[in-house]
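# Residue-level structural notes
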Amino acid sequence: MAIEVFNRYESKYLMDSKAFYTIYSRLLEYMEPDTYNKNDRFYAISNIYYDTKHDTLIRNSLSKPKYKEKLRIRAYGVPENNAKVYLELKKKVSGLVNKRRTALKLDEAYAFAGSGTVPELQPYMNKQVVQEIEYFLRRYELQPKVYLAYERLALFCKDNRDLRITFDTNIRSRRYDLRLEAGEYGEQLMDQGQWLMEVKAEKTIPLWLSQLLSELGMYRTSFSKYGNEFKKTIRYGSRTKESILL
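The paragraphs below set out a description of the structure included in this document. Please read these numbers as outputs of a predicted model, since none were measured by experiment.

## As for the nonpolar core
One finds L71, I73 and L180 to be the most contacted residues of the largest nonpolar core, which totals 27 residues. Among the elements of the structure, strand 3 (43–51), strand 4 (67–76), strand 5 (84–93), helix 3 (106–115), helix 4 (127–139) and strand 7 (143–157) are those that each provide at least two residues to this core. Excluding residues that lie within four positions of it along the chain, I73 makes contacts with S46, N47, I48, Y50, V85, Y86, L87, A109, Y110, A113 and L180.

Shown next as structure tokens:
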């Protein structure tokens, strides 16, 4: 069964392809690829983020409060109509990330996130997480706001599975066709060849990793995929499907 409750610290680093290949090859001394990344193959992640009409959740997040939260539906690849997806509630409190998710069928996830319709409990659902999301949805009237997808490589530490490092690239977004089954297309969020590395650990990172980051001159940055997409939309306006096709 997939892990459905996470409590960890996350640090983010932006880099170009040269820096990615350098650190990735060095990390393999201590870490091994995720099961879905064997033979250096990527796996795709797609998300629909939910927010209020006036973007309350992301506006609050960008103000850098001690507490922030967001809700999204996540799929691996492009789901079919009756496929299993995850409805995720992600909170951050004073730097500690708490993520809780439950498996749902795609139509159940849309109904729950979009209208608060609580699904009839099934064996594949996490009852406690469903109840927490239900409480969250009573506080906000949400609607789908943005689609975000990317390719990911993930590594686990060989002697400590609590340490995980992910690399995301080809991050793309759209504010139309807000259905996961519509496909993995969208506008690029970062320049070509850029990578986002995230170091995820329940406690402090090991000394060897700290020394490696220092040796390679890599420093933490603040980067939210949804946050940067929102800032880009505010700056340049939201493009429609029709305007992109022209």
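## Section: the pattern of salt bridges
Under the definition given, this model contains 19 salt bridges. Residue E32 is joined to R161 by a salt bridge in which the shortest nitrogen-to-oxygen separation is 3.4 Å. Taken together, the positions of E32 in strand 2 (residues 31–33) and R161 in strand 8 (residues 160–174) put the pair 129 residues apart, joining distant regions of the chain. Take R161: its relative accessible area is 49%, and that puts it in the partly exposed class. The salt bridge partner of E88 is R72, with a shortest N-O separation of 2.7 Å. Taken together, the residues E88 in strand 5 and R72 in strand 4 connect sequence positions 16 residues apart. What makes R72 buried here is its relative accessible area of 6%. A network of salt bridges, in which partner residues are shared, links R152, D168, E198, K200 and K225.

## Here's the deal with the side chain of T52
Locating T52 in the fold gives a position in the loop between strand 3 and helix 2 (56–62). On the basis of relative accessibility, which here comes to 9%, the residue T52 falls in the buried class. A distance of 2.8 Å separates the side chain of T52 from the side chain of T56, its partner in a polar contact. Setting aside its immediate chain neighbours within four residues, T52 contacts Y140, E141, L142, Q143 and K145.

## Things to note about helix 4
A rise of 1.5 Å per residue sets the reference length of helix 4, with its 13 residues, at 18 Å; its end C-alpha atoms lie 19 Å apart and thus fit the reference within 8%. Burial in helix 4 covers these residues: V129, V130, E132, I133, F136 and L137. Along the axis of helix 4, the buried residues cluster in a sector spanning 165°; they form a single face. For helix 4, exposure combined with an orientation more than 90 degrees from the buried face picks out K127, Y135 and R138.

## Re unusual backbone geometry
Its identity is not glycine, yet S94 carries a phi of approximately 50°, on the positive side. Residue classification places S94 among the exposed residues on the basis of a relative accessible area of 56%. Located in the positive-phi region is N170, a residue other than glycine, with phi close to 55°. Mapped onto the elements of the fold, N170 is located in strand 8. Assessed through its relative accessible area of 30%, N170 is described here as partly exposed.

## Remarks on helix 1 (residues 17–27)
If you check which residues of helix 1 are buried, you get F20, I23, Y24 and L27. Angular distribution of buried residues about the axis of helix 1 spans 105°; they occupy a single face of the element. Along helix 1, exposed side chains directed more than 90 degrees from the buried face belong to K18 and Y21. Among the structural elements, strand 1 (5–16), strand 2, strand 7, strand 8, strand 10 (194–201) and helix 5 (207–215) are those in contact with the buried residues of helix 1.

## Topic: the environment of F230
Here F230 shows up in helix 6 (residues 225–236). Given the relative accessible area of 6%, F230 is considered buried. Taking the C-alpha atoms as reference points, F230 and R26, separated by 204 residues in sequence, lie 34 Å from one another. Aside from chain neighbours lying at most four places away, what touches F230 is D55, I58, R59, L62 and R175.

## Some details on the packing of aromatic side chains
If you walk through the whole model with that rule in mind, you get 12 aromatic pairs. Between F20 and W195, the aromatic rings sit 3.7 Å apart at their centres with planes inclined by 5°, giving stacked as the arrangement. Highlighted residues: F20 in helix 1 and W195 in strand 10, separated in sequence by 175 residues. According to the relative accessible area criterion, W195 is buried, its value standing at 5%. Between Y76 and Y86, the ring centres sit 6.3 Å apart and the planes meet at 80°, which makes this aromatic pair edge-to-face. Of this pair, Y76 sits in strand 4 while Y86 sits in strand 5, and the two are 10 residues apart along the sequence. Classification of Y76 by relative accessible area gives partly exposed; the value is 42%. You can call Y86 buried: its relative accessible area is 8%.

The rules we used
Residues numbered from 1 in each chain as written. Predicted model: local features only at pLDDT ≥ 70, side-chain atom pairs only at ≥ 80, totals over all residues. Heavy atoms only, no water. Core = buried A, V, L, I, M, F, W, Y, C linked by side-chain atoms within 4.5 Å. Buried < 20%, exposed > 50% of the residue type's maximum accessible area, 1.4 Å probe, protein only. Helix = DSSP H or I, 4+ residues; strand = E, 2+ residues; numbered from the N terminus. Contact = heavy atoms within 4.5 Å. Salt bridge = Lys/Arg side-chain N within 4 Å of Asp/Glu carboxyl O. Polar contact = N/O pair within 3.5 Å; in protein donor to acceptor, adjacent residues only side chain to side chain. Expected span 1.5 Å × (residues − 1). Arc of directions from axis to C-beta. Phe/Tyr/Trp six-rings, centres within 6.5 Å; stacked < 30°, edge-to-face > 60°.

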